[in-house]
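# Survey of secondary and tertiary structure
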Amino acid sequence: MNLFIAALGVLGVASSGPLIAATLGATTVTPLAIAFWRNAIAAAVMATPTLVREPRQFSRIGRHEFRWSLVAAVALALHFACFITSLQLTSVAAATALVCLQSAWIAIIQLFRGVRHRWQVLVGLGISFGGVVAITGFDMGTSPDALLGDLLAMAGGLLAGIYTLAGGRARQSMTTGTYTALCYGMCAALVAVLAVSTNQPLSGFDAGGWLGILAITVCAQLVGHTAFNHLLATMSPLLVSMIILLEIPGAALLAAVFLNEALPAGTYAGLALILVGLAVVVAGQRNGKGGNGRAGRGKPPEERPLAELGAD
């Protein structure tokens, strides 16, 4: 059963980039509309069980939890703005690989916070960013728009890392349902403000546009991330983190099959380097016991193994 759930989760998150690119290319849906509706719908879905079973959970949110949830929501809103926009400028495969650098960015942030990493993590970071150089180098020769898209995707990965670390702070004393409902809800509100300020409509789309928004929300936000949340309760965080990395080749394969996306051989080499490098980074986060399901409990969020979900 876990194998089936893992496959469903990979398919869900890997479909995010191709579905967004297809929706943006074939309809009048705007990038911020996708970000708004997927978070608004997900917030409603996540809030409903908590409101039915434990409605007092929301009244127990303290100042500390609210502050870190707000930081996470701001980072998540900007992450979506960067990543979804990047899919209009660069390839789905490149954007997905670059935004998946979340784990690498977290490791770098930890370094600046004084956390000492194993040498494997540093090697993994070097391999990952070697892949970044390969991808951006080829895109630089292709078009300025593709390079800009790459940079936006990288920024999206950094923001996803900040979202993960801030969320770890908030979730120390909050249930998953309460946190996600609050964070997604605030994220949707912030995206709405961004949409109004940039004149991006949030409604008025044709049936195809609404179908695309619904597919993105269900596949990536609800099915994909829900599957991995379930696996974290039954499998080691290290193994789940490794499985999540399959989003990179999964998105490239889906884009090639359904969007006829063809890339230079050097770009595929860059994707492979990022995948291998991130795997080394995640594996290097293991503690002396091998990174089992109990790894990192009782430690501050910035010192725990990297087993957080991506945000895309």
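This report concerns the structure included in the present document.

Cut-offs used in this document
- Residues numbered from 1 in each chain as written.
- Predicted model: local features only at pLDDT ≥ 70, side-chain atom pairs only at ≥ 80, totals over all residues.
- Heavy atoms only, no water.
- Helix = DSSP H or I, 4+ residues; strand = E, 2+ residues; numbered from the N terminus.
- Buried < 20%, exposed > 50% of the residue type's maximum accessible area, 1.4 Å probe, protein only.
- Contact = heavy atoms within 4.5 Å.
- Areas by Shrake-Rupley, 256 points an atom, 1.4 Å probe, with all protein chains shown as cover.
- Axes fitted to C-alpha atoms, helices over the stretch in contact; angles between N-to-C directions.
- Parallel < 35°, antiparallel > 145°, perpendicular 65-115°, else oblique.
- Nonpolar A, V, L, I, M, F, W, Y, C, P; charged D, E, K, R; others polar.
- Phe/Tyr/Trp six-rings, centres within 6.5 Å; stacked < 30°, edge-to-face > 60°.
- Lys NZ or Arg CZ within 6 Å of the ring centre and 35° of its normal.
- Lys, Arg positive; Asp, Glu negative; His and termini not counted.
- Salt bridge = Lys/Arg side-chain N within 4 Å of Asp/Glu carboxyl O.
- Left-handed = near helix turned anticlockwise from the far one by under 90°.

### Structural notes on the overall build of the chain
A tally of regular secondary structure across the chain gives 13 helices and 0 strands. Of the regular secondary structure in the chain, the N- to C-terminal order runs α-α-α-α-α-α-α-α-α-α-α-α-α. Buried residues in the chain amount to 52% of all 312 residues. In the chain, of all internal contacts separated by at least 6 residues, the share reaching a separation of at least 24 is 85%. As displayed, the chain has an accessible area near 13600 Å², and 67% of this comes from carbon and sulfur atoms.

### Comments concerning the packing of helix α12 (residues 247–258) against helix α13 (residues 265–283)
Where α12 meets α13, the axes come as close as 9 Å, and the angle between the chain directions of the two elements is 155°. By the angle between their axes, α12 is roughly antiparallel relative to α13. Here Ile248, Pro249 and Ala252 of α12 lie close against α13, whose contacting residues are Leu271, Ile274, Leu275 and Leu278. Each residue belonging to the contact of α12 with α13 can be placed in one class, and the counts come to 7 nonpolar, no polar and no charged.

### Let's talk about the packing of aromatic side chains
This structure, assessed with the given rule, holds 4 aromatic pairs. Between Trp105 and Phe129, the ring centres sit 5.4 Å apart and the planes meet at 75°, which makes this aromatic pair edge-to-face. Of this pair, Trp105 sits in helix α6 (residues 102–112) while Phe129 sits in helix α7 (residues 119–142), placing them 24 residues apart in sequence. The class for Trp105 is buried, based on a relative accessible area of 17%. Centre to centre, the rings of Phe205 and Trp210 are 5.5 Å apart; their planes meet at 55°, and the pair counts as tilted. The class for Phe205 is buried, based on a relative accessible area of 9%. Grouping aromatic residues by their ring pairs yields a cluster made of Phe36, Trp37, Phe205 and Trp210. Over the ring of Trp68 we find Arg169, and its NZ or CZ is 5.9 Å from the ring centre.

### A look at the side chain of Glu261
If you trace the backbone, Glu261 turns up in the loop between α12 and α13. Nearest to the buried, unbridged Glu261 among oppositely charged side chains is Arg38, at 16 Å.

### Things to note about the packing of helix α5 (residues 92–99) against α12
At a closest axis distance of 8 Å, the pairing of α5 and α12 adopts a crossing angle of 165°. Between α5 and α12, the angle falls in the class roughly antiparallel. Crossing handedness for the pair α5 and α12: right-handed. Touching Val92, Ala93, Thr96 and Ala97 of α5 are Glu247, Ile248, Ala251, Ala252 and Ala255, all from α12. The class makeup of the residues in the contact of α5 with α12 is 7 nonpolar, 1 polar and 1 charged.

### Let's talk about α5
In terms of residue burial, α5 counts as a mostly covered element, since 8 of its 8 residues are buried. For α5, the complete set of buried residues consists of Val92, Ala93, Ala94, Ala95, Thr96, Ala97, Leu98 and Val99.

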